[in-house]
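Coordinate analysis (summary)
Below are the chains, spelled out letter by letter.
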Amino acid sequence: MQLFSQKTYADRQRKLIEKMGEGLVWIPGNTESPLNYTDNIYPFRQDSTFRYFFGINLPNLHIVLDCATGKKTLYGNDYSIDDIIWVGPQKPLAHYAELCHIDEIKPIAALEERLGGQKGIHYLPPYRHDHMILAGRLFGLDPNQIKKHCSDKLIQAIVDIRSYKSEEEIAQMEDAVNITRHMHMTAMRQTRPGKYEYEVVADIRKALESQHSQLAYPVIFSVNGQTLHNHHHDNKMESGRLVLNDSGAENTYGYAGDITRTFPVNGRFSGRQKELYALVLKMETDSIALVKPGITYRSIHIEANKIMLEGLKSMGMVKGDVEDMVREGVGGLFMPHGLGHMIGMDVHDMENLGEQAVGYGNMERSKQLGLKSLRLARTLEEGFVLTVEPGIYFIPELIHKMRQEGKWSSFVNYDVLEDYTSFGGIRIEDNVLVTNQSHQVLGKPIPKTIVEIEELMNA
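Within each chain, residue numbers correspond to sequence positions counted from 1 in written order. In keeping with the model being predicted, local features are shown solely for residues with a pLDDT of at least 70 and side-chain atom pairs are shown and tallied solely at 80 or more, while totals for entire chains, interfaces and linings include all residues. Side-chain metrics in this entry use all non-hydrogen atoms of the structure; hydrogen atoms and water are not considered.

Once that is clear, we can look at the overall build of the protein. Under the scheme used here, helices are H or I runs from DSSP no shorter than 4 residues and strands are E runs no shorter than 2 residues, and both carry numbers assigned from the N terminus. Helix and strand counts for the protein come out as 16 helices and 16 strands. Radius of gyration: over C-alpha atoms. The globule rule applied is 2.2 Å multiplied by the number of residues raised to the 0.38 power. Relative to its length of 459 residues, the protein is compact, with a C-alpha radius of gyration of 24 Å against a globular reference of 23 Å. For the protein, the C-alpha atoms occupy an extent of roughly 70 × 45 × 45 Å along the three principal directions. Residue pairs at least 24 apart in sequence account for 74% of intrachain contacts in the protein once pairs closer than 6 positions are excluded. His residues and chain termini do not enter the charge count, which takes Lys and Arg as positive and Asp and Glu as negative. Here the site of a charge means NZ on Lys, CZ on Arg, CG on Asp, or CD on Glu. Distance between charge centroids for the protein: 2 Å, based on 50 positive and 60 negative side chains. Here, residues are in contact when the closest pair of their heavy atoms is within 4.5 Å.

Turning our attention to the side chain of H341. The topology assignment puts H341 in the loop between α12 (322-328) and α13 (355-360). A 3.5 Å cut-off defines polar contacts: any pair of N or O atoms within that distance qualifies, except that in protein one atom must be a possible hydrogen donor and the other a possible acceptor, and neighbouring residues in sequence count only when both atoms are side-chain atoms. Reaching out from H341, the side chain makes a polar contact with the backbone oxygen of V347 at a distance of 3.1 Å. Ignoring any residue separated from it by four or fewer positions in sequence, one finds H341 in contact with D258, V347, H348, R375, L376, V385, L386, T387, E389 and E429.

This paragraph deals with the sheet that holds strand β9 (residues 242-247). We call two strands paired when DSSP finds no fewer than two bridges between them. Spatial ordering of the open sheet is given by β8-β9-β11, a layout of 3 strands whose pairing is antiparallel. Single-partner strands in this sheet number two, and they are β8 (220-222) and β11 (259-264). The average angle at which neighbouring strand axes cross in this sheet is 10°, direction not considered. Strand contacts of helix α9 (residues 197-209): β8 and β9, with the helix running at about 145° to β8, the strand carrying the most contacts. With axes taken as lines fitted to C-alpha atoms, and helix axes fitted only over the stretch in contact, angles between N-to-C directions fall between 0 and 180 degrees.

Residues three or four positions apart in an α-helix share a direction because the helix packs 3.6 residues into each turn. Here, expected helix span is obtained from the residue count minus one, scaled by 1.5 Å. Relative to the 18 Å expected for 13 residues at 1.5 Å per residue, α9 spans 18 Å between its end C-alpha atoms, a close match to the ideal helical length. For α9, the full list of buried residues reads E197, V200, V201, I204, A207 and L208. Buried residues of α9, viewed axially, fall in a sector of 115°; they line one side. On its buried side, α9 packs onto α8 (167-190), β7 (214-215), β8, β9 and β10 (249-250). Under the scheme applied here, a residue whose accessible area is under 20% of the maximum for its type counts as buried, over 50% as exposed, and between as partly exposed, the area being computed with a 1.4 Å probe on protein chains only. Think of the arc as the fan of directions from the helix axis to the C-beta atoms.

Right, let's talk about the environment of I392 for a bit. Among the structural elements, I392 can be located in strand β13 (residues 391-393). Note on I392: relative accessible area 0%, which makes it buried. Each C-alpha atom, one on I392 and one on P336, is 8.8 Å from the other, the two residues being 56 residues apart in sequence. For I392, the residues in contact, after removing those within four places along its chain, are L276, L279, V280, M283, M308, L312, F334, G425 and I426.

If you want it as structure tokens, here you go:
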């Protein structure tokens, strides 16, 4: 278990208590989740809010903050001798409570006595059903209605604290990106025609676990890059195809890297692939260049769409005025996702608190294809860390649907697109810190130019 200094947790807890001012705050840690029976479990992953403020990376714990007095109580049980027989010797909770600046420890059975039946307890929207059931029992509510009663004040307080990354957090995020770099370079070296995707995914996981880390999210590795979250790895890779690798490490402190690279299975880009890849790379590098405090990320997303549409227009795929195309949402046909999102202890940082609070604030969300999927739209500030991940995809089902509906017929040359329906997709992604006046791409460089990728794959 990796912990920051006691001062780090004390400062984080103090900020939260000050923002809340009064009342009781309940923050549950995660339990172990059975895979197919009680004692066969998924790898444990602590709730990020719990770990951010209280550090302890163990299951079956709860914290109650009394914001009026500042007292922090940990509810949990030490391991029994029956537990120790199976899992080995464990440090007592008192050891971690001292390291993480927690005032007192009580048995978990005392939690219901403290919170049961009380009104106005501040808690976050639960994303696990065991927490929904527990909250329902504690507060006398239907578990399915628990999210309606969560605390907007607590959500906003946590977003206001966790959105700004400290120097020690940035160091951990760079570490996560550098581990992720090892994963991606391994994938490029191991990809060859005739291999199955799962063979390279095994190499990615080996590279990850050799660094004592775990996945920040399931690996996306596929020759079908047009499927945005493709977690199936059973395709045989053939010469002439591109493969998209979106994979990232979560390091021992719980911080995530999220990187995407797209490269040719045979190690050489074809002419058509080069043309489209160069366009996506321009979208990415030009978007990164715009990142700075005071600019909305929504505006950078729109600029990336303009670059894309200008490029596709030069290739004959679209026609007409680019500004008109942007206004009508034509870009969503080729990039139906947003340009990026916040990242930190969660790969989509604090997504459990809601994208409106994390990524939008007072801004209204668009209903337009592509733009509606933008997770981060708000004005950027120093200390934010975000992903920049433009892409161009040829999704046959989407192209055919829009053509049949006559959608954007005055802008899109659907006959030309028919030649690209087996192309797949391209995405390029890096993790970027907003600095005082500009930005910093985190981690050591990961090959992404055509020359760099081909040199690595053919070394």
